[in-house]
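Residues per chain are reported as follows:
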Amino acid sequence: MGHLTHNNEALVMRVRRLVGQLQAVERALVAGEDCAKTLHLAAASRGALNGLIDELIADHVRAHVAAPDLPQAERDEGAEALIAAIRRYAK
């Protein structure tokens, strides 16, 4: 996915925030925090991961499916890769 290099810094920052959120969930579990608080932390982590996946999907579509200069074979390959990723994500 070489097309990610133009947006790489923003994606890395998203991952770092996600790691921080997951660490907060771990700390809450270790400390025996309130169930509701821990659930909210976990839900926020899930939202952050979904946001990252949304960005990756959008970048993939723009670079490997919708780019006007792509040959049809590359579009087909990009579409199949996206379908496989979405199926894996939806499980």
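As a reminder, the structure under discussion sits directly above these lines.
Remember, predicted model here, so these are calculated numbers, not experimental data.

### Here we look at the overall build of the chain
Part 1: Helices and strands together make up the secondary structure of the chain, namely three helices and zero strands.
Part 2: When its helices and strands are written in sequence order, the chain yields α-α-α.
Part 3: Since a compact globule built from 91 residues should have a radius of gyration of about 12 Å, the 17 Å found for the chain marks it as more spread out than a globular shape.
Part 4: C-alpha atoms of the chain, sized along the principal axes, occupy 55 × 30 × 15 Å.
Part 5: Counting all 91 residues of the chain, 21% fall into the buried class.
Part 6: Considering only residue pairs separated by 6 or more positions, the chain has 49% of its internal contacts joining residues 24 or more positions apart.
Part 7: Carbon and sulfur atoms make up 60% of the accessible area of the chain, which amounts to about 6600 Å² in all.

### Looking at the environment of Leu29
Part 1: Examined against the element boundaries, Leu29 turns out to sit in helix α1 (residues 8-31).
Part 2: Along the primary structure Leu29 and Pro71 are separated by 42 residues, whereas in three dimensions their C-alpha atoms are 50 Å apart.

### So, the pattern of salt bridges
Part 1: Tallying each qualifying case throughout the model produces two salt bridges.
Part 2: Lys37 serves as the salt-bridge partner of Glu33, at 3.7 Å between the closest nitrogen and oxygen.
Part 3: For Asp59, the salt bridge is made with Arg62, and the minimal N-O distance between the two is 3.5 Å. Taken together, the residues span about one helical turn, with Asp59 and Arg62 both in helix α2 (residues 35-64) at a distance of three residues.
Part 4: Among the residues examined, Asp59 registers a relative accessible area of 7% and is labelled buried.

### Details of helix α3 (residues 72-90)
Part 1: The end-to-end C-alpha distance of α3, which contains 19 residues, comes to 27 Å, matching closely the 27 Å that a straight helix rising 1.5 Å per residue would cover.
Part 2: When we look at burial in α3, the residues that qualify are Arg75, Gly78 and Leu82. Down the axis of α3, the sector holding all buried residues measures 65°, keeping them to one side. Opposite the buried face of α3, by more than 90 degrees, sit the exposed residues Ala73, Glu77, Glu80, Arg87 and Arg88.
Part 3: Of the surrounding secondary structure, the elements contacted by the buried residues of α3 are α2.

Each value, and the rule that gives it
- Residues numbered from 1 in each chain as written.
- Predicted model: local features only at pLDDT ≥ 70, side-chain atom pairs only at ≥ 80, totals over all residues.
- Heavy atoms only, no water.
- Helix = DSSP H or I, 4+ residues; strand = E, 2+ residues; numbered from the N terminus.
- Rg over C-alpha atoms; globule rule 2.2 N^0.38 Å.
- Buried < 20%, exposed > 50% of the residue type's maximum accessible area, 1.4 Å probe, protein only.
- Contact = heavy atoms within 4.5 Å.
- Areas by Shrake-Rupley, 256 points an atom, 1.4 Å probe, with all protein chains shown as cover.
- Salt bridge = Lys/Arg side-chain N within 4 Å of Asp/Glu carboxyl O.
- Expected span 1.5 Å × (residues − 1).
- Arc of directions from axis to C-beta.

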